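Chain by chain, the residues:
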Amino acid sequence: METIRGRASLELTASDFKRTVAGYEQILLDLGTGDGRYVRWMAEKHKERFFIGVDACRENLRDNSQRKLSNALFIIANAQALPLELNGLVSHITINFPWGSLLESLLNTNDPLISRLASIARPYAGMEIRINGEALVTAGWSLELGADQIEAILNANGWRSTSRSWMDAPVLRSFPTTWAKRLAFGRDPRAVQLKLIREEDSATDLHGCARIAELARNELNDQPTGYPRLIR
Ligand SMILES: C[S@@+](CC[C@H](N)C(=O)[O-])C[C@H]1O[C@@H](n2cnc3c(N)ncnc32)[C@H](O)[C@@H]1O
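Here the structure is a predicted model, which is why all the values come from computation and not from measurement.

Okay, the site of the ligand next. Taken together, 20 residues are adjacent to the ligand, and Gly32, Gly34, Leu102, Thr177 and Trp179 come closest. Among the secondary structure elements, those contributing two or more residues to the shell around the ligand are helix H4 (100-107) and helix H9 (178-184). The class makeup of the residues in the shell around the ligand is nine nonpolar, ten polar and one charged.

Next up, the structure:
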């Protein structure tokens, strides 16, 4: 897989990758990471977890990827063709303010991205998707109907919704990504946040329940101040 640190791009073999993430119980993946600010912020805050930022575009990643963080890695890849080495590894997926083909894939029934997300996710993995109004309008959807469509597709593919909340300008301002801050001061500072959990057939067994409870505990620790209120 192709990784990036600063201006240098580095091909990582499957065994190098395994060694890099060995020892981390939780591996979080930020898809469409942009300039990687969110990954850097999270990796500095949670040294005990490993963070992977993925984006198709390398230019914006130069600054944040050059910081020496032993628990972070930046991969250059298309969301629709995520490296196979990620299969079954990821305990939490975030997709913050997708646009372009990443957003299109989330809106399309039967898109290959949806099955790739299932392949990389561990049982009971968490997922957080934040989508902004303007990106959805550009893709031909209203904020509410676009969020409904993405949620319905994920629900039909083994992801159970746990919450939906709105993000307004103050919430966007306090959210630690570059795009959130840009949106907060833009002309349409509205976004929706969906949280989901990967369900397995055995979701009712005791192990499953314990795992879901553990994920819920971890999630609360991640909330920056001024986090969006729960509306359902
Ligand atoms: C609006 S930016 C958001 C960046 C970052 N998540 C943030 O909140 O600051 C959307 C990002 O999605 C990436 N993207 C769009 N389509 C993609 C695809 N098919 N695969 C990987 N990345 C993609 C773009 O390169 C861009 O960096």
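Here strand E1 (residues 2-5) pairs with strand E2 (residues 8-11) via four bridges, running antiparallel. By the bridge assignment, Glu2 is partnered in E2 with Glu11. The antiparallel hairpin formed by E1 and E2 contains two residues in its connecting segment, where Gly6 sits at a positive phi of about 60°.

For the rest of this paragraph, the subject is the nonpolar core. Counting 56 residues, the largest nonpolar core has Leu29, Phe51, Ile52, Val90, Ile93 and Ile131 as its most contacted members. With six residues, the single largest contributor to this core is strand E7 (residues 121-132). When neighbours within four sequence positions are excluded, Ile93 is seen to be in contact with Leu29, Leu31, Leu117, Ala121, Ala125 and Met127.

Analysis parameters
Residues numbered from 1 in each chain as written. Predicted model: local features only at pLDDT ≥ 70, side-chain atom pairs only at ≥ 80, totals over all residues. Near = placed C-beta within 6 Å. Helix = DSSP H or I, 4+ residues; strand = E, 2+ residues; numbered from the N terminus. Nonpolar A, V, L, I, M, F, W, Y, C, P; charged D, E, K, R; others polar. Pairing = 2+ DSSP bridges. Core = buried A, V, L, I, M, F, W, Y, C linked by C-beta atoms within 7 Å. Buried ≥ 20, exposed ≤ 12 C-beta atoms within 10 Å, placed from the backbone. Contact = placed C-beta atoms within 7 Å.

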